[in-house]
Amino acid sequence: MAMSAAAAKPILYSYFRSSCSWRVRIALALKGISYDLVPVNLIKDGGQQFSAEFKALNPMQQVPALKIDGITISQSLAIINYLEETCPNPRLLPQDPKKRAQVRMIADHIASGIQPLQNLSVLKQMGEKKMEWAQNCITSGFQALEQILQHTAGRYCVGDEVSMADLCLVPQVANAERFKVDMGPYPTITRINKALLELEAFKTSHPSRQPDTPAELRA
């Protein structure tokens, strides 16, 4: 008997280097959800996200998008929240309302306050200044984040449990390293990032280990 659309394996539209896609790959790995990956190359052919086929899937023409349970969801935090509500273990949002608010605050700080400002579409507009622009955006965001984490962090961003905040932190630190941001002033961010990168879900979802990772960037 053919599987119904609802029971079919989820399909993740992802780009190996996309930090938003990486957040979702971590969530899927942590929750043990197996999925098929369809690579969308944001550089090749002028950007495969601009194809009519992909625009029909996600009108914002961005990755990630996840086909799951008969629907298509875009926006990484919306996807992660859906996975949290339908597959609650292990939980990525703490039960305590105050801690939960802190997790959402940090996730939003990165997903709304840092990443979009240094996204590919913005950097294209910046021309020769793109490196400097990206560094400034990440630096100002990280100065605030370092301060916040000094109050909320345990082993990870909020206490000692991995949360949605951590799923946003690690890909953003990778972006910072790519844009040669000096991480010296951010010891808390650096310490948490190092601890998270030791976890299996963060390793298997890493950009250096994706089906569409170019040979020269493979781990």
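Shown above is the structure to which this text applies.
Conventions we followed
- Residues numbered from 1 in each chain as written.
- Predicted model: local features only at pLDDT ≥ 70, side-chain atom pairs only at ≥ 80, totals over all residues.
- Heavy atoms only, no water.
- Axes fitted to C-alpha atoms, helices over the stretch in contact; angles between N-to-C directions.
- Helix = DSSP H or I, 4+ residues; strand = E, 2+ residues; numbered from the N terminus.
- Parallel < 35°, antiparallel > 145°, perpendicular 65-115°, else oblique.
- Left-handed = near helix turned anticlockwise from the far one by under 90°.
- Contact = heavy atoms within 4.5 Å.
- Nonpolar A, V, L, I, M, F, W, Y, C, P; charged D, E, K, R; others polar.
- Pairing = 2+ DSSP bridges.

**Q** Got a sec to walk through the packing of helix 1 (residues 19-30) against helix 7 (residues 164-178)? Specific residues and values, please.
**A** Two numbers describe how helix 1 lies on helix 7: the axes approach to 9 Å, and their chain directions differ by 140 degrees. As far as their axial angle goes, helix 7 and helix 1 are oblique. Crossing angle aside, the handedness with which helix 1 passes helix 7 is right-handed. Where helix 1 abuts helix 7, its residues Ser19, Trp22, Arg23, Ile26, Ala27 and Leu30 lie against Leu167, Cys168, Val170, Pro171, Ala174 and Asn175. Tallied by class, the residues present in the contact of helix 1 with helix 7 amount to nine nonpolar, two polar and one charged.

**Q** A description of the sheet that holds strand 4 (residues 71-74) should follow, citing residues and the corresponding values.
**A** A sheet is described by the order of its strands in space; here four strands give the open sequence 2-1-3-4, paired in mixed fashion. Pairing within the sheet leaves two strands with one partner each, and these edge strands are strand 2 (36-39) and strand 4. Across this sheet, the average inter-strand angle for adjacent strands is 20 degrees, counted without regard to direction. Taken strand by strand, helix 1 contacts strand 1 (11-14), strand 2 and strand 3 (65-68), and its axis lies near 150 degrees from that of strand 1.

**Q** Give me the lowdown on unusual backbone geometry, citing residues and values where you can.
**A** In this structure, Pro64 follows Val63 across a cis peptide bond, with omega equal to 5 degrees. Counting through the fold element by element, Pro64 comes out in the loop between helix 2 (52-57) and strand 3. Look at the link from Asn89 to Pro90: it is a cis peptide, with omega at -10 degrees. Within the secondary structure, Pro90 sits in the loop between helix 3 (76-86) and helix 4 (97-113). Of note in this structure, Gln75 is not a glycine but carries a positive phi near 75 degrees. Within the fold, Gln75 resides in the loop between strand 4 and helix 3.

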